[in-house]
Amino acid sequence: MSGLSIQSLGLSHFRSHRATRLVFNGRPVAIVGPNGAGKTNILEAVSLLSPGRGLRRAASDDLVRKPEAIGWKVSAQVFGMAAAHEVETFAERSEARQVRIDGKAATQVALGRILRILWLVPAMDRLWIEAAEGRRRFLDRMTLSFFPDHAEVSLAYEKAMRERNRLLRDEVADPFWYGALEAQMAETGAAIEANRKATLARLLTAQDGAETAFPRAEVHLVYPEAPPEDLAAALAAGRRRDMAAGRTLAGPHRADLGAVFAAKGVPADQCSTGEQKALLLSLILANARALAADLGRAPILLLDEVAAHLDEARRAALYDEICALGAQALMTGTEAQLFDSLGERAQRFHVAEEGGVSRIDP
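Residue numbering note: each chain is counted from 1, following its sequence as written. In keeping with the predicted nature of the model, local features appear solely for residues at pLDDT of at least 70, side-chain atom pairs appear and are counted solely at 80 or more, and the whole-chain, interface and lining totals rest on all residues. Each side-chain value is derived from all of the structure's non-hydrogen atoms; neither hydrogens nor water enter the calculation.

In the annotation of an unreviewed UniProt entry, the chain is listed under the name DNA replication and repair protein RecF and assigned to Fuscovulum blasticum DSM 2131. Listed in UniProt under the heading Subcellular location (unreviewed entry), the comment for the chain reads: "Cytoplasm". UniProt positions are given in the numbering used here, feature names are shortened, and annotations may be inferred rather than shown by experiment.

Here's what the structure looks like:
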């Protein structure tokens, strides 16, 4: 099975990269170099070829190379769901990020219809023990990979909720102002809930019978209180309570992602650090397998420093799964030996830094 792929990647005044161009051949990619050389910046650039703020959730002005601060640009030749495309995303100084596909202005949502990109970065290692917001974001990134319109639905829900919260903080009592907003929240909230549940079902199915060295993760939605069957009615009934809190207390924005290490019956937040990492990898791989089965093409994987926390057997197993999927995976590491078991199955690049500028060494 062939996968979605990036054939060439150009970075202009992006983070530590003044002018970098990489050419790929569809195989997994090992990017090696010392800390601070600019390896993760390459992965971040690729993540911006999908909807959203990328793997660091950075503001546009934070992406521009200093001290020039003249704006930044990421360009790529990609092979997408059905055809090859030229994709550009860029921002001028202090302006919003823009997207062009095949020379025409496009929305970020359109990127999700061309490529599906999944990632795992060290900041996610504490996902299971930190606040629910990070797990909810992780779930929605997976959901977006199956349902590209999930971003639009989520934005519509959040916009309506912000307006409702403003009314609550201003202690507006007139029900006329709430009705339309609550109806929109109920409609979009139902779509968000349906998309998330369908995603979790696909992840569980993708783990059934899978030949993998990583543990099965039983995933499910968790709420601070039982979600109402009729969200619009619940919002209307809860206005006084919400006004006292100054925010909306019911809806899909309150959901959390729960996970259990199935073989041990232990919740993820009670597992060891290594087990928590293995569960994350298991879900990323399950996500990739499900997409490959649904779309006939494996997604692009971005795995930042993933090999450093795996023993040699687990590293080899991970690389074998990636290659079996036919996925183009961009992986970073500080030592070339971390990728020895990939052999000739991978491309290799070395990133170095000199005077605050990243360069690619042969």
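Only runs of H or I of at least four residues qualify as helices and only runs of E of at least two qualify as strands under DSSP, and these elements are numbered from the N terminus. Mapped onto the elements, lysine 39 comes out in helix H1 (residues 39-47). The definition of a polar contact used here is a pair of N or O atoms within 3.5 Å, where within protein one atom must be able to donate a hydrogen and the other to accept one, and adjacent residues in sequence count solely through side-chain atom pairs. In this structure the side chain of lysine 39 is engaged in a polar contact, spanning 3.0 Å, whose partner is the backbone oxygen of proline 34.

Quick look at the domain arrangement of the chain now. Domain delimitation follows an automatic or database domain assignment. Domain parsing of the chain yields domain 1 (1-116 + 297-361) and domain 2 (127-287). Distance between the C-alpha centres of domain 1 and domain 2: 28 Å. Counting residues at the interface gives 15 residues for domain 1, matched by 19 residues for domain 2. Accessible area that two parts lose when put together, evaluated with a 1.4 Å probe and summed over both, is termed the buried area. Across the domain 1 to domain 2 interface the summed buried area is about 1,500 Å²; carbon plus sulfur atoms make up 64%. Put simply, a salt bridge is a Lys or Arg side-chain nitrogen that is within 4 Å of an Asp or Glu carboxyl oxygen. For the pair domain 1 and domain 2, the interface holds 1 salt bridge. In this analysis, two residues are considered to be in contact whenever any of their non-hydrogen atoms come within 4.5 Å of each other.

Exposure classes here rest on a 1.4 Å probe applied to the protein chains alone. A residue is buried below 20% of its type maximum, exposed above 50%, and partly exposed in between. Burial runs high along strand E13 (residues 329-333): 5 of the 5 residues are buried. Only strands that DSSP links by at least two bridges are regarded as paired with each other. Bridge analysis of strand E3 (residues 29-32) against E13 gives 4 bridges, and the strand direction is parallel. The residue of E13 that forms the bridge with isoleucine 31 is threonine 332. Strand direction decides the pairing type here: strand E12 (residues 300-303) and E13, joined by 3 bridges, are parallel. Residue pairing in the sheet places leucine 303 in a bridge with methionine 331 of E13. Orienting the strands away from the viewer, one traces the path from the first strand over the helix to the second; a clockwise path indicates a right-handed crossover. Note that the unit made of E12, helix H10 (residues 312-325) and E13 has a crossover that is right-handed.

Only C-alpha atoms enter the line fits that serve as axes; for helices the fit covers just the stretch in contact. Angles between N-to-C directions range over 0 to 180 degrees. Closest axis-to-axis distance for the helix H4 (residues 132-146)/helix H9 (residues 273-295) pair is 10 Å, and the angle between their directions is 15°. Our classification of the angle between H4 and H9 gives roughly parallel. Relative to H9, H4 is oriented so that their crossing is right-handed. Each of Phe138, Met142, Ser145 and Phe146 in H4 lies in contact with H9, whose residues at this interface are Leu280, Leu283, Ile284, Asn287, Ala290, Leu291 and Asp294. When grouped by side-chain class, the residues that make up the contact of H4 with H9 number 8 nonpolar, 2 polar and 1 charged. Any angle that is under 35 degrees is reported as roughly parallel, and any over 145 degrees as roughly antiparallel; angles of 65 to 115 degrees are reported as roughly perpendicular and all others as oblique. Note on convention: the crossing is left-handed when the near helix lies turned anticlockwise from the far helix by less than a right angle, right-handed when the turn is clockwise. Each residue gets one of three labels, nonpolar for Ala, Val, Leu, Ile, Met, Phe, Trp, Tyr, Cys and Pro, charged for Asp, Glu, Lys and Arg, and polar for the others, Gly among them.

Turning next to H1. Given 3.6 residues per helical turn, the α-helix brings residues three or four places apart onto the same face. Counting buried residues in H1 gives 9 out of 9 residues, a clear majority hidden from the surface. Restricting attention to buried positions, one finds in H1 the residues Lys39, Thr40, Asn41, Ile42, Leu43, Glu44, Ala45, Val46 and Ser47.

Our next topic: the UniProt feature "domain: AAA+ ATPase" (unreviewed entry) in the chain. Per the UniProt record, "domain: AAA+ ATPase" (unreviewed entry) is found at residues 25-361. Taken as a whole, residues 25-361 contains 41% helix and 20% strand, while its terminal C-alpha atoms sit 18 Å from one another.

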